[in-house]
Amino acid sequence: MKIIAINGSHRKGKNTAALLNVVLGEAASLGAATELLELTDYNITLCKSCNKCLGKIQCSITDDDMAALGEKLLAADGILLGSPVYWANVSTLMKNFMDRTRYLHMGKNMLAGKAGAAVTNAGLRHGGQEWALQIMEYFLKAQSLLVVDTRNPEGPIMDAGVAGSLVVELKDGKMVFRRNATDDELTVASCKQLGRNMVNLITKLSTK
Ligand SMILES: Cc1cc2nc3c(=O)[nH]c(=O)nc-3n(C[C@H](O)[C@H](O)[C@H](O)COP(=O)(O)O)c2cc1C
């Protein structure tokens, strides 16, 4: 079982990477092979909107790293997306990645039936996390992946998605921030549940 995570943060190895690593760590503890891919390591140019992918399962842009990334997506059983919130949306890198996967979708849904999931985090407490999550989950569903969230059928009640925040509280009129999104116990517990839910779904799909 292989689960790959795609980090859309423009900062490698920071909060979004840390959350993705918690999800992957939990999945690995249950036997999954995992890999974290940082979009900052890939040269992916903008979609030209040439629409050539309507006719064949191939992107007309061949002189960048998208084809190599596409091979990794095709080889995975589970795809986990992570993006920080940028202006109540996903990051530019994540959006560009989504656009460039269009060739895996238009002629035939090449990623259909894989497990999908997403995590986000933001500076504020209501900084647009739900929108960013929905955008990534919509993308995964449009690509015909089976999307899991952080709900635990056996309890305890969790957040319904990983939507980290750096804000802790307002104290004496001043905002108090945590240093890392992973300093929040609930966010970490939600990440672990997401890892378990991904592994459980992939196991169910493979034993069908
Ligand atoms: C361009 C930009 C836009 C941002 N927009 C928002 C926002 O709309 N809401 C919010 O709460 N935080 C916003 N943030 C803060 C980031 O979401 C936050 O710092 C996050 O933890 C960064 O993730 P990283 O550590 O993986 O880079 C923004 C940050 C940047 C750089």
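Residues numbered from 1 in each chain as written. Predicted model: local features only at pLDDT ≥ 70, side-chain atom pairs only at ≥ 80, totals over all residues. Heavy atoms only, no water.

## A closer look at the site of the ligand
Close to the ligand lie 16 residues, the nearest being Arg-11, Thr-16, Val-85, Asn-121 and Leu-124. One of the side-chain N or O atoms of Arg-11 is found 2.7 Å from an oxygen atom in the ligand. Contacts to the ligand include Ala-88, whose backbone N or O atom sits 3.0 Å from an oxygen atom. Split by residue class, the shell around the ligand holds 8 nonpolar, 6 polar and 2 charged. (Near = heavy atom within 4 Å. Polar contact = N/O pair within 3.5 Å; in protein donor to acceptor, adjacent residues only side chain to side chain. Nonpolar A, V, L, I, M, F, W, Y, C, P; charged D, E, K, R; others polar.)

## Concerning the pairing of strand β7 (residues 167–171)
Here β7 runs beside strand β8 (residues 174–177); their pairing, made up of 4 bridges, is antiparallel. Counted as the bridge partner of Lys-171 is Lys-174 from β8. Connecting β7 to the next strand, β8, in antiparallel fashion are 2 residues, including Asp-172 with a positive phi near 50°. (Pairing = 2+ DSSP bridges. Helix = DSSP H or I, 4+ residues; strand = E, 2+ residues; numbered from the N terminus.)

## Thoughts on the packing of helix α1 (residues 15–29) against helix α5 (residues 185–206)
Put simply, α1 and α5 touch, their axes get as near as 7 Å, and they point 45° apart. The angle between the axes of α1 and α5 places the two elements in the oblique class. As for the relative orientation of α1 and α5, their crossing is right-handed in sense. Contact residues: Leu-19, Val-22, Val-23, Glu-26 and Ala-27 in α1; Thr-187, Val-188, Cys-191, Lys-192, Leu-194, Gly-195, Arg-196 and Val-199 in α5. (Axes fitted to C-alpha atoms, helices over the stretch in contact; angles between N-to-C directions. Parallel < 35°, antiparallel > 145°, perpendicular 65-115°, else oblique. Left-handed = near helix turned anticlockwise from the far one by under 90°. Contact = heavy atoms within 4.5 Å.)

## What about α5?
Because an α-helix packs 3.6 residues into every turn, residues spaced three or four apart end up facing the same way. Its 22 residues place the ends of α5 32 Å apart at the C-alpha level, agreeing with the 32 Å of an ideal helix rising 1.5 Å per residue. Buried residues of α5: Thr-187, Val-188, Ser-190, Cys-191, Gln-193, Leu-194, Gly-195, Asn-197, Met-198, Val-199, Leu-201 and Ile-202, and no others. Elements in contact with the buried residues of α5: β1 (2–7), α1, β3 (78–84), β4 (115–122), β5 (146–147) and β6 (162–165). The opening residue of α5 is Asp-184, an N-cap whose side-chain oxygen sits 3.2 Å from the backbone nitrogen of Leu-186. (Expected span 1.5 Å × (residues − 1). Buried < 20%, exposed > 50% of the residue type's maximum accessible area, 1.4 Å probe, protein only.)

## Overview of the layout of surface pockets
Space inside the largest pocket adds up to approximately 380 Å³. In terms of lining residues, the largest pocket is bounded by 14 residues, among which Gln-129, Glu-130, Leu-133, Gly-161 and Ala-163 are the most central. For the lining of the largest pocket, a count of residues per class yields 4 nonpolar, 6 polar and 4 charged. One number sums up the size of the second largest pocket: a volume of about 210 Å³. (1 Å grid on protein atoms, 1.4 Å probe; cavity = no way out; pocket = protein on both sides within 12 Å on 5 of 7 lines; lining within 4 Å. Points joined across faces, edges and corners; volume = space filled by probe spheres on them.)

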